[in-house]
Amino acid sequence: MIQQEIAREVDRLLRVVFQGRRQTGCLDLEAIEMAVRSAMHQAGAIALSQLLQFPAPAAERRNIPCSCGHQAGFRELRSKPVLTAVGEVTVSRPYYLCPRCHHGQFPADVELDIENTEFSPGVRRMEAVVGQEAPFDHGRQQMKLLAGLDLTTKAVERTAEAIGEDVAAREREEMHRAMQLDLPMVVGNPIPILYVEVDGTGVPVVKKETVGRQGKTEGQPSHTREAKLGCVFTQTAWDREGYAIRDLDSTTYVGAIETAEEFGKRIYLEAWKRGWSRAEKKVVIGDGAEWIWNIAAQHFPGAIQIVDLFHARQHLWDLARKLYPNQEAEQRRWMMIHQNLLDQGKMEDLTAALRSTDSSSPELAEKIRIEIGYFANNAERMRYPKFRGQHLFVGSGVIEAGCKTIIGSRCKQSGMFWTVRGANAILALRCCHFNDRFETYWEARRA
Ligand SMILES: [Zn+2]
């Protein structure tokens, strides 16, 4: 029966191919290969549909447990269309209804992983992969070209977000266990140097996500929410000049729009998975943002803390421009002296120099006072010669590049406005993909 239908499909296809050749005298390979794929899909869909016709249960199996504690009874066979990797098929399966709580269920849907969805697991997996990679409409086009499947842009979006949310939910579960000190020990060789780098970057969001939130400019509403991104990587070597070399492919990422407290647990779990407990040297690098050092103190006590050198220099540049507006030569002369102190890690000399800086206006005096505070508070995190002597990184270039590749290129394209829920789902999916863990996630999901 199935064989007959498939044979009919192939037959029909061959007729089309030969007819085309007779008419034009030549072979249009692309047209043919696409037609063959389409016919194979149709034949496959016929076969698959046959496989997905579940019989009515035998008389003694017509009652199954309901979550309310009573028994749900078999009512009828119900069918629904499902889009699979070979096109649309029809699934027909038993429907059970609980007379007590009126909850209906399809046990076959659970078994097939098609509960409350019109897409098969194979198609959903493809939608997740294209959805994390590029704008959803681009994903729709890829599905059409690469898989021969017609989907709406909204369907790609919904599925990618649903899977991203599932990834995020499993991570939350793991974070909870990490906080209960309930994770299995990660065994392995000692790691010479393990880094944690953390940064934040704005993601454009829809209006309702910024209601009541202060923007960067006084009185202006914000149009973005800060996504926090963290990465973990290892280092075993340095180059001839003594500069640190990051281990190839050793970087993993975590990110979300969330509070520093929530993010702290996230980055702690990631560091833990990567072997924080067996790292011989532990380093946390960030810019001067206070929340980063709070996380470092809470979750990574004992780690070497380093403020990104380039952020620190930027603070001096900002001051130089305020001290000598429009006087570039003066700015540079001032920078030579002060940047040298910074690069040498002579923080006491630097803050002393800043204290003795003449300030003509109260506004400028205030700015200098703030910067003195910044350099004094972070002094131990700015002993750059000491860090360089240990061949450590002193810049947060890895996480800044991560902000661009993980978040910027996917979430900050023009015309994009996210909900926090949607952005977090896609970020979870994207980090999972970049960390090379999507396969593992999918297997765990099947189990
Ligand atoms: Zn019930």
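Before any of the text, the structure's been laid out above.
What comes next is a walk through the structure. (Residues numbered from 1 in each chain as written. Predicted model: local features only at pLDDT ≥ 70, side-chain atom pairs only at ≥ 80, totals over all residues. Heavy atoms only, no water.)

## Quick look at the overall build of the protein chain
When helices and strands are tallied, the protein chain shows 16 helices and 10 strands. Scaling as 2.2 N^0.38, a compact globule of 447 residues should have a C-alpha radius of gyration of about 22 Å, whereas the protein chain reaches 30 Å, well beyond that. Relative to its 447 residues, the protein chain shows a buried fraction of 45%. Restricting the contact set of the protein chain to residue pairs at least 6 apart, pairs at least 24 apart contribute 66%. For the protein chain, the computed accessible surface area is about 24,500 Å², with 52% contributed by carbon and sulfur atoms. If the 58 positive side-chain charges of the protein chain are averaged to one point and the 58 negative ones to another, these points end up 2 Å apart. (Helix = DSSP H or I, 4+ residues; strand = E, 2+ residues; numbered from the N terminus. Rg over C-alpha atoms; globule rule 2.2 N^0.38 Å. Buried < 20%, exposed > 50% of the residue type's maximum accessible area, 1.4 Å probe, protein only. Contact = heavy atoms within 4.5 Å. Areas by Shrake-Rupley, 256 points an atom, 1.4 Å probe, with all protein chains shown as cover. Lys, Arg positive; Asp, Glu negative; His and termini not counted. Charge placed at Lys NZ, Arg CZ, Asp CG, Glu CD.)

## Brief notes about the pattern of salt bridges
Evaluation of the coordinates by the stated rule reveals 27 salt bridges. Arginine 266 serves as the salt-bridge partner of glutamate 258, at 2.7 Å between the closest nitrogen and oxygen. Taken as a pair, glutamate 258 and arginine 266 share a single burial class, namely buried. Note that arginine 383 is salt-bridged to glutamate 348, the shortest N-O span being 2.9 Å. Residue arginine 383 is found in the loop between α12 (362–377) and α13 (384–389), and its partner glutamate 348 is found in helix α11 (residues 347–355); the two are separated by 35 residues along the sequence. Relative accessible area serves as the criterion here: at 47%, glutamate 348 is assigned to the partly exposed category. What emerges from the salt-bridge pattern is a single network uniting Asp113, Arg124, Asp166, Arg170 and Arg445. (Salt bridge = Lys/Arg side-chain N within 4 Å of Asp/Glu carboxyl O.)

## So, the side chain of threonine 84
Residue position: threonine 84 is located in strand β2 (residues 71–84). Residue classification places threonine 84 among the buried positions, given a relative accessible area of 6%. What threonine 84 contacts, discounting residues up to four positions off in sequence, is Leu48, Val89, Ser120, Val123 and Leu149.

## Describing the layout of surface pockets
As a volume, the largest pocket reaches approximately 740 Å³. The wall of the largest pocket is formed by 36 residues, among which Val167, Ala168, Arg170, Glu171 and Arg172 lie closest to the centre. The element that contributes the greatest number of residues to the lining of the largest pocket is helix α6 (residues 153–179), accounting for 11 residues. For the lining of the largest pocket, the class distribution of residues is 16 nonpolar, 6 polar and 14 charged. (1 Å grid on protein atoms, 1.4 Å probe; cavity = no way out; pocket = protein on both sides within 12 Å on 5 of 7 lines; lining within 4 Å. Points joined across faces, edges and corners; volume = space filled by probe spheres on them. Nonpolar A, V, L, I, M, F, W, Y, C, P; charged D, E, K, R; others polar.)

## Quick word on the coordination of the zinc ion
At this site the zinc ion is bound by Cys66 (SG), Cys68 (SG), Cys98 (SG) and Cys101 (SG), with donor distances of 2.2 to 2.3 Å. Considering all 4 donor atoms around the zinc ion, angles at the metal cover 104 to 117° and the coordination shape is tetrahedral. Along the chain, the residues donating to the zinc ion fall in the pattern C-x1-C-x29-C-x2-C. Of this pair, cysteine 66 sits in the loop between β1 (63–65) and β2 while cysteine 101 is found in the loop between β3 (87–97) and β4 (104–105), placing the two residues 35 residues apart along the sequence. Look at cysteine 66 and you get buried, because its relative accessible area is 7%. (Donors = N, O, S within 2.8 Å, 3.2 Å for Na, K, Ca; no water. Tetrahedral: all angles 85-135°; square planar, octahedral: opposite > 155°, others 65-115°.)

## As for the packing of helix α10 (residues 328–343) against α11
The interhelical angle for the contact between α10 and α11, taken along N-to-C directions, is 145°, at an axis separation of 7 Å. Here Trp334, His338, Leu341 and Leu342 of α10 lie close against α11, whose contacting residues are Met347, Asp349, Leu350, Ala353 and Leu354. (Axes fitted to C-alpha atoms, helices over the stretch in contact; angles between N-to-C directions.)

## So, the environment of leucine 309
Here leucine 309 shows up in helix α9 (residues 309–323). C-alpha separation for the pair leucine 309 and alanine 58, spaced 251 residues apart in sequence, amounts to 73 Å. Those residues in contact with leucine 309 that sit more than four places away from it in its chain are Leu342, Asp343, Tyr384, Arg388, Val394 and Gly395.

## Looking at the nonpolar core
Among the nonpolar cores identified, the biggest contains 100 residues, and Phe300, Leu342, Phe375 and Tyr384 are the most heavily contacted of them. Phenylalanine 300 has contacts with Val196, Ile267, Tyr268, Ala271, Trp276, Val284 and Ile295, leaving out every residue within four places of it along the chain. (Core = buried A, V, L, I, M, F, W, Y, C linked by side-chain atoms within 4.5 Å.)

## A closer look at the pairing of β2
Along any regular strand, the residues point their side chains to alternate faces of the sheet. When β1 meets β2, the two strands line up antiparallel, connected through 3 bridges. Pairing of isoleucine 64 across the sheet is with alanine 72, part of β2. In textbook terms, the turn of a hairpin is the stretch between consecutive antiparallel strands, and for β1 and β2 this stretch comprises 5 residues, one of which, glycine 69, has a positive phi near 105°. Bridge count for β2 against β3 is 11 bridges, and the pairing is antiparallel. Residue pairing in the sheet places glutamate 76 in a bridge with tyrosine 95 of β3. (Pairing = 2+ DSSP bridges.)

Bear in mind that shape data such as this cannot, by itself, settle questions of function.
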